[in-house]
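Letter by letter, the chains look like this.
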Amino acid sequence: MGRMERRAKKENYVIGPDGSPLTVADLPSPETQRWVIRRKAEVVAAVRGGLLSLDEACDRYRLTVEEFLSWQRAIDRHGLAGLRTTRIQQYRQ
């Protein structure tokens with residue numbers, strides 16, 4: 001479905017990390033356990049774009065606010081490569 005079709009349907013979307021439209025249906029599954037860079041970036045883009053609130057994202061993905069904010073900071077400071085940090089590495093910093 002193209003961008004114009006999404007607009008015509010009035011479907012809410014944001015621009016994802018790869019530049020394509022991202023809807024709630026496109027987001028990672030709430031059961032996600034393996035957080036690859038792309039999935040983290042999609043959740044951050046969804047919150048920044050207003051697709052999900054911070055609280056909704058944290059509830060949906062069982063994240064702490066601190067964990068989500070660390071993803072956001074990593075993107076701001078280092079781009080997508082900043083999301084390579086694992087949870088264990090985050091605790092060591």
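In what follows, the accompanying structure is described. Quick caveat: nothing in here was measured; it's all calculated off a predicted structure. (Residues numbered from 1 in each chain as written. Predicted model: local features only at pLDDT ≥ 70, side-chain atom pairs only at ≥ 80, totals over all residues. Heavy atoms only, no water.)

Some points on the nonpolar core
A general trend in soluble globular proteins is that nonpolar side chains are found buried together. Test applied: Buried residues of nine kinds, namely Ala, Val, Leu, Ile, Met, Phe, Trp, Tyr and Cys, make up a nonpolar core once their side-chain atoms join them within 4.5 Å. Residue burial is assigned from relative accessible area. The probe radius is 1.4 Å, only protein chains are included, and a residue is buried under 20% of its type maximum, exposed over 50%, and partly exposed in between. Note on conventions: DSSP H or I runs of at least 4 residues are helices, E runs of at least 2 residues are strands, and numbering of each starts at the N terminus.
Core analysis: the biggest nonpolar cluster contains 21 residues, and L27, V43, L52, Y61, F68, W71 and L83 have the highest contact counts within it. Listed by contribution, the elements that provide at least two residues to this core are helix 2 (37-48), helix 3 (54-61) and helix 4 (65-78). Sort the elements by how many residues they give to this core and helix 2 lands first, with six residues.

Some remarks on the pattern of salt bridges
Inclusion rule: Whenever a carboxyl oxygen of Asp or Glu lies within 4 Å of a side-chain nitrogen of Lys or Arg, that contact is scored as a salt bridge.
One pass over the full model with this rule turns up two salt bridges. Notably, a salt bridge pairs E42 with R38, separated by 3.3 Å at the nearest N-O pair. Of this pair, E42 and R38 both sit in helix 2, four residues apart, roughly one helical turn. Owing to a relative accessible area of 10%, E42 belongs among the buried residues under this scheme. Between R48 and D76 there is a salt bridge; the shortest N-O distance is 2.5 Å. In this pair, R48 sits in helix 2 while D76 sits in helix 4, placing the two residues 28 residues apart along the sequence. Look at D76 and you get exposed, because its relative accessible area is 53%.

Regarding the packing of aromatic side chains
In plain terms, the rule: Only rings of Phe, Tyr and Trp enter the pairing, Trp through its six-membered ring, and a pair is recorded when the two centres are within 6.5 Å. The plane angle decides the type: under 30 degrees is stacked, over 60 is edge-to-face, the rest tilted.
Within the structure shown, the criterion is met by two aromatic pairs. Ring centres 5.2 Å apart and planes at 85° place the aromatic pair W35 and Y61 in the edge-to-face group. In this pair, W35 is assigned in the loop between strand 2 (21-22) and helix 2 and Y61 in helix 3, connecting sequence segments 26 residues apart. With respect to class, W35 is no different from Y61; both count as buried. Taking 5.0 Å as the distance between ring centres and 50° as the angle between the ring planes, the aromatic pair formed by W35 and W71 counts as tilted. Of this pair, W35 sits in the loop between strand 2 and helix 2 while W71 sits in helix 4, placing them 36 residues apart in sequence. For W35, a relative accessible area of 13% puts it in the buried group.

Description of the environment of T64
Going by this rule: In protein, a polar contact means a hydrogen-donor-capable atom and an acceptor-capable atom, both N or O and within 3.5 Å, with residues adjacent in sequence counting only if both atoms are side-chain atoms; elsewhere, any N or O pair within 3.5 Å suffices.
Within the secondary structure layout, T64 lies in the loop between helix 3 and helix 4. Counting along the chain gives ten residues from T64 to L54, while the straight-line C-alpha distance between them is 9.9 Å. In terms of polar contacts, T64 uses its side chain to reach the backbone amide nitrogen of E67, at 2.9 Å.

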